[in-house]
Amino acid sequence: MRPLRLLLLLMPVIWSLIVVPSFAQDGAPQLRDLPVFADQRHGMWAGSGNGLNLAVDEGPALPVDEDVTLDGLPSLRIEVTGECCDGWWATVIANENWEAYDLRPYVANGALEFNIRGDANIDNLGINLRDHVNTRDTVELDANTVNLAQYVSLSDEWQAVRIPLQDFVTDSDFEPRQMFLISINNAGDVLGTLWINNLRFTSPDVEPQVAAIKVNQVGYPADAEKVALVSSFTPDFSDGQAFFVLDAMTGAVVYTGELALMTDFDTASGEHVWSADFSDFTTEGTYFLNVEGADESPRFRIGAGVYDDLLVDIMRYYYLQRQGIELASEYAGPFARGIGHPLDSVAEFRSGIASSQDASGGWYDAGDYGKYVNAGALAVSDLLWAYRMFPEQFTDGQSNIPESGNGVPDLLDEVRWELDWMLKMQDAASGGFWSRVSGTEDVLPDAAVETRYIEDSDGSRTNVMPTANSASAVAALAMASTIYDDFDPEFAATLLTAAEAGWAYLEANPDGVDSIPGPYMDNEDEDNRLWASAALYNATGADHYNQYYLSNYQSFADLWQSRIDNAYGVGLMGMVGFMEYGMSANTDQAAIDWFTEQYGPWRAHMIERSETSAWGTTLLDEDFYWGSNGPALYTMVTMAVGDTITGQNDGATLRVAQQTVNYILGQNPLRFSYVSGYGIDSVRHPHSTMWSKDGIDAVPAGVMVGGANAFTNPLLYSSYPAKRYVDSDHAWSVNEHTVYWNSPLVFTLAMIQAG
Ligand code: 9MR
């Protein structure tokens, strides 16, 4: 045999001997096993009928058998008794919170694997995978059913079973991006017992490589630092290698630079990362980047006002989230709809303490239809901070909402929609605030005609107005009163009166009133009280509020060291209290000095985090929790306000803000823009009941989702925190939107636009 031919024949062997081991150490990691059942049930249903009887536990679900184990793991027991006739039994096994699995990389060579033992005569089982795609005519679609008997002959001994995913998906329209349950059922009348252990998806393959060049897919202001990133699991590029900026219209090279290695191993992505700095290229236009060995980058713009449209759409998101109003097509385009949840105007109290209450208006919180006082207060605060700091960015007529043209900046009209609702959530007698309107229904808003409830009861407690939630409403209303005073003094006075009545409620309940269990439950009211006192001091100048603030602020010193939320978040508002006080008139010098002393090192630490991260944000690996895009942006709000309070003006905050926006808009390990409609590769399937069910194969532009989450969703394939994400409307822990995540993005974009 000729040597070359021998070499070619041996290539696969050489490849596996040389390249694969090196991949394992320096390269893409092996795809994680995705759990279905290991030692606990998550989502599951089981049932039987017509003469067959499947043993079930409460749920109903398959029993977990702790006595029949393998490798220290229990098993799921399928125990069928009865008479044969036309009987059936079935079970479906989902996972955490019934969220979707992203099986795409597993499909080529992966498998559903498990161990099994049992009676030989119960092997005639159908096993299938089911997806869930709201935008398809058939929302839930089964792949091909396989029969267990094709893969194993059952016996009393444990046997390992491997069912290739190809057997399920070949010639099927099944959508592996949104697999959400496994179904197992009898394929005939079979009786007996079997046990399934360690059910999981596996693959011999490694994690897929995302396209190497990462840019902000919207673009960069001409005078901003413009540093794109190039990254890959293996060292595919080199320090000093040329990169090119090309004009998208002509294809001409307009700038040449050199890649600079940032890190050999970035723990957020598992990749080598290089930077491509073209900051000194400032000519307006549309461009893309090229590097030899990589696909060309998505297009991006350089110029003035690159975020103008984006800012408007992100504001318009709130209009589209409005409850209690018909959205006319003139303003909502294809997303026009009738009044959602019309019975909010006669909401009932869960405790039945009183007759109905008008709780209409405000924004739906997120992909669900809840309306929450503390989450809303945070969104209001961010949006009003944006106006307070950068008023020239917000004009009347800017966002095509019904109030456009009324002489008031559209942003303030929009926020007023929420404030009016918040006022309705206040109890006139005590001044306290009920915390939420719940009652999510899985239908379009205008079809949601069931009674909605103000949640005010918890066991024997009735008419509960939690003090943490009440204090957050007080703070938001007090802050708003100072801003609306310029446009509508009467409304501003109403807001202030409500805020002061709310403060009286807080004073009447010094020991606090606990929350109602459920979303955004918050039993620590001190931070909200601090926030409220500062906002009321700013609004009134009354010494009483000043004294409260001065007596309490130092007990929040640990916020400057806290790693949680970087700055603030729902239920964690002490930092915003500092911000409110710092921006007030006639402040106590010692309190301002204290702020300045604490803020300096905190700010330096945040800048250091940004400089240390290849991706330029302040997120540490441990910050990739539910809604990670939020804290990255909250940090920017705190830095911008903190800089103003302390007179800091070195440009670092703007730089970090730009990098954070770059990250959100596609300069991230997934090369993915987390804002719908902005970027060639951007969010298309946010978790949202109304946009999933409206029959429109598109979602509004300007919706930012929560982003990578390494903690609560074990169904995502990547081993690296910044890649734990899937654009699936069935994956709410990574792909939901909220009013309090879009809000710091409004702020941060306004900051960048203001320059
Ligand atoms: O943002 C919330 C996150 O921190 C929690 O872990 C999660 C589970 O309780 O809930 C998130 O908030 C959701 C809220 O409960 C309901 N509206 C949508 C919110 C965003 O997903």
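Examining the pairing of strand 12 (residues 192–202)
Taken residue by residue, a regular strand's side chains alternate between the two faces of the sheet.
Logical step 1: Of all 11 residues making up strand 12, 10 are buried, and the element is well covered by its neighbours.
Logical step 2: Strand direction decides the pairing type here: strand 1 (residues 34–37) and strand 12, joined by three bridges, are antiparallel. Bridging across to strand 12, Pro 35 finds its partner in Arg 200.
Logical step 3: Examined bridge by bridge, strand 5 (residues 73–82) and strand 12 share five bridges and lie antiparallel to one another.

Here we look at the domain arrangement of the protein
Logical step 1: In terms of domains, the protein is made up of domain 1 (30–202), domain 2 (213–302) and domain 3 (308–754).
Logical step 2: Placing the centre of domain 2 and that of domain 3 at their C-alpha centroids yields a distance of 34 Å.
Logical step 3: Taken together, the contact between domain 2 and domain 3 spans 27 residues of the former and 26 residues of the latter.
Logical step 4: Roughly 2,000 Å² is buried in total at the junction of domain 2 and domain 3, and carbon and sulfur atoms are behind 56% of that figure.
Logical step 5: For the domain 2 face of the interface with domain 3, the top three residues by lost area are Lys 214, Gln 217 and Ala 268, together amounting to 29%.
Logical step 6: For the interface between domain 2 and domain 3, the tally reads one salt bridge.
Logical step 7: Among the ionic pairs, Lys 723 bridges to Glu 271, the shortest N-O distance being 2.7 Å.
Logical step 8: At the junction of domain 2 with domain 3, the criterion picks out 14 residue pairs in polar contact (both at pLDDT 80 or more).
Logical step 9: Only strand 13 (213–214), strand 14 (219–221), strand 15 (227–232), strand 18 (260–266) and strand 19 (271–277) provide two or more residues apiece to the side of domain 2 that touches domain 3.
Logical step 10: For the side of domain 2 that touches domain 3, the residue count by class is 15 nonpolar, eight polar and four charged.

Side note on a nonpolar patch on the surface
Logical step 1: The grouping of Trp 45, Trp 88 and Trp 98 at the surface amounts to a nonpolar patch, some 290 Å² of accessible area in total.
Logical step 2: Assignment of secondary structure puts Trp 98 in the loop between strand 6 (88–93) and strand 7 (111–118).

What to know about the site of the ligand
Logical step 1: As a structural note, the neighbourhood of the ligand is formed by Asp 365, Ala 366, Asp 368, Pro 519, Tyr 520, Trp 626, Glu 736, Thr 738, Tyr 740 and Trp 741.
Logical step 2: A distance of 2.7 Å separates an oxygen atom of the ligand from a polar side-chain atom of Glu 736.
Logical step 3: Across the shell around the ligand, the residue classes break down as six nonpolar, one polar and three charged.

Re helix 11 (residues 574–582)
Logical step 1: Of all the nine residues making up helix 11, nine are buried; the element is thus mostly covered by neighbouring parts of the structure.
Logical step 2: Buried within helix 11 are the following residues: Gly 574, Met 575, Val 576, Gly 577, Phe 578, Met 579, Glu 580, Tyr 581 and Gly 582.
Logical step 3: For helix 11, the elements touching its buried residues are helix 5 (373–389), helix 7 (467–484), helix 9 (526–540), helix 10 (543–552), helix 12 (589–612) and helix 13 (629–646).

Things to note about the sheet that holds strand 18
Logical step 1: Taken together, four strands build an open sheet; the order of strands is 13-15-19-18 and the sheet is antiparallel. Both outer strands of the open sheet, strand 13 and strand 18, are each paired with one neighbouring strand and no more.
Logical step 2: Relative to strand 15, strand 13 is paired through two bridges, and the arrangement is antiparallel. For Ile 213, the partnering residue across the bridge sits in strand 15 and is Val 230.

Remarks on the environment of Tyr 220
Logical step 1: Position of Tyr 220 relative to the elements: it lies in strand 14.
Logical step 2: Residue classification places Tyr 220 among the buried residues on the basis of a relative accessible area of 0%.
Logical step 3: The spacing of Tyr 220 and Asp 368 is 148 residues in sequence and 34 Å in space, taken between C-alpha atoms.
Logical step 4: Polar contacts involving the side chain of Tyr 220 include one to the side chain of Gln 667, which spans 2.6 Å.

What counts, and where the lines are drawn
- Residues numbered from 1 in each chain as written.
- Predicted model: local features only at pLDDT ≥ 70, side-chain atom pairs only at ≥ 80, totals over all residues.
- Heavy atoms only, no water.
- Buried < 20%, exposed > 50% of the residue type's maximum accessible area, 1.4 Å probe, protein only.
- Helix = DSSP H or I, 4+ residues; strand = E, 2+ residues; numbered from the N terminus.
- Pairing = 2+ DSSP bridges.
- Domains from an automatic or database assignment.
- Contact = heavy atoms within 4.5 Å.
- Buried area = accessible area lost by both parts, 1.4 Å probe.
- Salt bridge = Lys/Arg side-chain N within 4 Å of Asp/Glu carboxyl O.
- Polar contact = N/O pair within 3.5 Å; in protein donor to acceptor, adjacent residues only side chain to side chain.
- Nonpolar A, V, L, I, M, F, W, Y, C, P; charged D, E, K, R; others polar.
- Patch = residues over 30% accessible without salt bridge, like charges linked within 9 Å, V, L, I, M, F, W, Y side chains within 5 Å.
- Areas by Shrake-Rupley, 256 points an atom, 1.4 Å probe, with all protein chains shown as cover.
- Near = heavy atom within 4 Å.

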